[in-house]
Structures are given as C-alpha cells and as structure tokens.
Amino acid sequence: MSRPSSLVTTVRAPAKINLHLGVGAPREDGMHPLVTVYQAIGLYDDVTVRDAGSWGLGVTVADYVAHDSVPQHGDNIIDRAAALLAAHHGLEPRGEVHVTKSIPVAGGMAGGSADAAAALVALDRLWAVNTPDEDLLAIAAELGSDVPFALLGGTALGTGRGEIVDPVADDNTWWWVLRLSPVGLSTPDVYRHFDRMFPDAPPTPAPADALLAALASQDPEALAATLHNDLQAPALDLRPDLEKQLAFGEAEGALRGLVSGSGPTCVYLCESGDHARAVAGALVASAGDAAPPVVLVANGPVAGAHVVEYSHLEDHR
Ligand code: C5P
C-alpha cells in the first residue's frame, strides 16, 4: 500500500561581512544604533526540514567548525525561529530539522542569523503557511539584528540596530579571503568593550556615504580605502593576535584587511579570484611548521536565504 509522501526542503543562507560598520552610543534598550553596509558572501549554512510528528534538530559541521560550539537542540536560534513562526500562525512547531554548518560559530559572520533565516524560509514551506515577506522580516528582526539581512542577501544598508535593511545596487563581484579563528569572540562582549573604549561615542553612527560611493565606482582600490569597522578597535584590544594577521595579509598583497563584524574572522579584499587564491595560499604558508589557519576564498554579493532542494519523498517510515 502506498504511504503518504514526505516533503523535504533545503534552504541555504549566506554568511555576511560588514563593509561599513558605524556604531553609535548605546540606546536606552542597551542596543547600539548602527549604520552598516552588509554584503552576503559565498559561504553557506544549509537547513533541511522534513515532516515529523514532533520537533527535532540535528547538526552536522564542516571539519573546521567545532561541533560543541554549536548551541544544542533547545538552545539553538533555529528552535526560537520555529517557535516564533509557529506562534505567528497558531501552530505547534513540528518537523525534523538538520543544519549543516560551514559558517563559523561566533566568528562575526552571522552564522546563527543565517540558520534562523534559512529555518524561517524552510519551515514556511514545510508548514505551507505562505508568510508574507513583511511578516517574515518582522519575525526575523525579533530573532536578531542580522537575521533580516540573511533573508535579503546581496548588498544592503542596515540601520536601526541593523534590522532595518534596504538593498544597495551592487553589480560587481568582490573577492574576499577569510581567515577563520579557532576561538570565537562573543558579540555582546565586543559591544561592551566598545562602550568602555569609547564612552563618548556620538549617538549617531558614522555614515556610509564614502563606502557607498566606492561600491558604485566598482573599483576595488576605492572600496579598500573606504572599508570601515567601529568594532575593529575593541575586537583587536580583546584579541591582539588579530592585528598581526591583518598586517600580514596586507603585506602579502591584499588591498585591505578588516575584522569582520565583531570578529575574530579577518577578511581581506582582493582584486580578483586569482589574487584572492594567491593571498590565501600565502596566509596558509605563513604558518610554517605550526598548524595552518583555516583560510577560505569567497565572493560577494550572493543571494539571501534560498531554496536549493524541494521534493516529495515516498515515506518508508
Ligand atoms: O541582535 P542580536 O541578538 O544579534 O545581538 C546580540 C547582542 O549583540 C545583543 O544582545 C547586544 O549585546 C549586542 N548588539 C548591540 N547592538 C546591536 C546589535 C547587537 O549592542 N546593534
């Protein structure tokens, strides 16, 4: 006898870097006002969901991601995403979810936000609830400041605490080398350290006009000159080892090295794919006999959370 088919959906969501991150003095709610330019880059987490009678979450990690660094079932942002989306539709969260992580945890590249965005899109399909974009973006903003951008992707201006996102036209392909760090940095710690280092920070963050003009010029050297991150100083103060890494990438020919978001991932802007692969090779070789760092090459902008698999499987359970 044939049994009902089971829906399987996989949604892929990208890592982000901040080309410009202007941070203002904390608001009354403790969050910091931002003017940021996000770019989604080609490093992804995948979230697969399928029908199930209860709620379950499994995790697979790339070889350079520590399994125990990923928040467990119950504490994961995917659990919160499911609970919020289900509540929005008056449902019980049900489904078997699996996340495959290639974006480092606590790396400053919004890996958790990518997972939340991917889960929202995947569960919206699984539950066939057709959530309007506006509602999905509002739920995303509740989950975290970077989650709306993970839905949107591309290159975008972020304001508010980062959750208000407006697409920026960006037809270029920008090449980045990413140097991952085996030990993460906590985003709240970096913001707290920003407050200690800059007690007189103005309420209005630094504008992104120069960076936006450089993006429009499509000139990598102009972009390199305008990359800006107000969280770089506190991240370097907490992790002095990163300073040397930034300088090393630039000495090896990168147009510019920058801490990604709250760090500790360092990103290096390059002129082309070949240039990026050469810089990446030099960063790996620099380790000598020591364990080589994890170095990746990615380009951007790329799409936000998007369906990569959507099928009905015969249910053999
Ligand atoms: O919004 P999200 O959950 O990603 O923020 C994590 C933490 O980072 C916040 O609890 C806060 O400590 C800090 N943060 C901030 N200002 C922002 C974004 C994040 O202070 N604009």
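Nothing here was measured: the structure is a model prediction, and the numbers come from that model.

## Details of the side chain of Arg 161
Thought 1: Topologically, Arg 161 is positioned in the loop between strand E5 (155-159) and strand E6 (164-167).
Thought 2: Glu 163 is the oppositely charged side chain nearest to the buried, salt-bridge-free Arg 161, at an N-O distance of 4.3 Å.
Thought 3: Of the polar contacts made by the side chain of Arg 161, one reaches the side chain of Ser 145; its length is 2.9 Å.
Thought 4: Here Arg 161 is in contact with Arg 27, Met 31, His 32, Leu 34, Ala 141, Gly 144 and Ser 145, once residues within four sequence places are set aside.

## Some remarks on the site of the ligand
Thought 1: In the neighbourhood of the ligand, the contacting residues comprise Gly 30, Met 31, His 32, Leu 34, Gly 144, Ser 145, Arg 161, Thr 187, Pro 188 and Tyr 191.
Thought 2: For the ligand, an oxygen atom lies 2.7 Å from a polar atom in the side chain of His 32.
Thought 3: Taking Arg 161, its main chain carries an N or O atom lying 3.0 Å from a nitrogen atom of the ligand.
Thought 4: Coverage of the ligand by the protein amounts to 71% of the 450 Å² it exposes when considered alone.
Thought 5: Counting residues per element, the shell around the ligand draws most heavily on helix H5 (residues 187-197), which supplies 3 residues.
Thought 6: Its residues assigned to classes, the shell around the ligand comprises 4 nonpolar, 5 polar and 1 charged.

## Observations concerning the sheet that holds strand E9 (residues 256-259)
Adjacent strands of a sheet form backbone hydrogen bonds with each other and so pair up, either parallel or antiparallel.
Thought 1: Spatial strand order, E9-E10-E7-E11: 4 strands in an open sheet with antiparallel pairing. In this open sheet, the two edge strands, each paired with only one partner strand, are E9 and strand E11 (295-300). Direction aside, neighbouring strands of the sheet carry axes that sit 30° apart on average.
Thought 2: Across 4 bridges, the pairing between E9 and strand E10 (residues 266-270) is antiparallel. Looking across to E10, one finds that Gly 257 is bridged to Tyr 268.

## Here's the deal with the pairing of E5
Thought 1: Note that strand E2 (residues 34-50) and E5 share 4 bridges and pair antiparallel. Considered in E5, the bridge of Gln 39 is made with Thr 155.
Thought 2: The pairing of E5 with E6 spans 4 bridges and is classified as antiparallel. Paired with Leu 157 across the bridge in E6 is Asp 166.
Thought 3: The hairpin turn running from E5 into E6, its antiparallel successor, is 4 residues long, and Gly 160 in that turn takes a positive phi close to 70°.

## Considerations on the environment of Pro 264
Thought 1: Here Pro 264 is to be found in the loop between E9 and E10.
Thought 2: Assessed through its relative accessible area of 1%, Pro 264 is described here as buried.
Thought 3: Measuring from C-alpha to C-alpha, the distance between Pro 264 and Val 183 comes to 7.9 Å, with 81 residues separating the pair along the chain.
Thought 4: What Pro 264 contacts, discounting residues up to four positions off in sequence, is Ala 106, Gly 107, Arg 179, Ser 181, Val 183, Gly 184, Leu 185, Arg 239 and Leu 242.

## Some remarks on H5
Thought 1: For H5, the set of buried residues is Val 190, Tyr 191, His 193 and Phe 194. Along H5, the residues classed as buried sweep out an arc of 160° about the axis, all on the same side.

## Here's the deal with unusual backbone geometry
Thought 1: Cis geometry marks the peptide bond from Gly 263 to Pro 264; its omega dihedral reads 5°.
Thought 2: Put simply, Gly 300 and Pro 301 share a cis peptide bond, and its omega is 5°.
Thought 3: Secondary-structure assignment places Pro 301 in the loop between E11 and strand E12 (306-314).
Thought 4: A positive phi angle is found at Ala 110, which is not glycine, with a value near 60°.
Thought 5: Examined against the element boundaries, Ala 110 turns out to sit in the loop between strand E4 (95-101) and helix H2 (111-126).
Thought 6: Residue Ala 128 is not a glycine yet carries a positive backbone phi of 50°.
Thought 7: Within the element layout of this structure, Ala 128 appears in the loop between H2 and helix H3 (133-143).
Thought 8: Under the relative-accessibility criterion, Ala 128 is labelled exposed at 65%.

What counts, and where the lines are drawn
- Residues numbered from 1 in each chain as written.
- Predicted model: local features only at pLDDT ≥ 70, side-chain atom pairs only at ≥ 80, totals over all residues.
- Heavy atoms only, no water.
- Helix = DSSP H or I, 4+ residues; strand = E, 2+ residues; numbered from the N terminus.
- Buried < 20%, exposed > 50% of the residue type's maximum accessible area, 1.4 Å probe, protein only.
- Lys, Arg positive; Asp, Glu negative; His and termini not counted.
- Salt bridge = Lys/Arg side-chain N within 4 Å of Asp/Glu carboxyl O.
- Polar contact = N/O pair within 3.5 Å; in protein donor to acceptor, adjacent residues only side chain to side chain.
- Contact = heavy atoms within 4.5 Å.
- Near = heavy atom within 4 Å.
- Areas by Shrake-Rupley, 256 points an atom, 1.4 Å probe, with all protein chains shown as cover.
- Nonpolar A, V, L, I, M, F, W, Y, C, P; charged D, E, K, R; others polar.
- Pairing = 2+ DSSP bridges.
- Axes fitted to C-alpha atoms, helices over the stretch in contact; angles between N-to-C directions.
- Arc of directions from axis to C-beta.

Any link to function would need more than the numbers given here.
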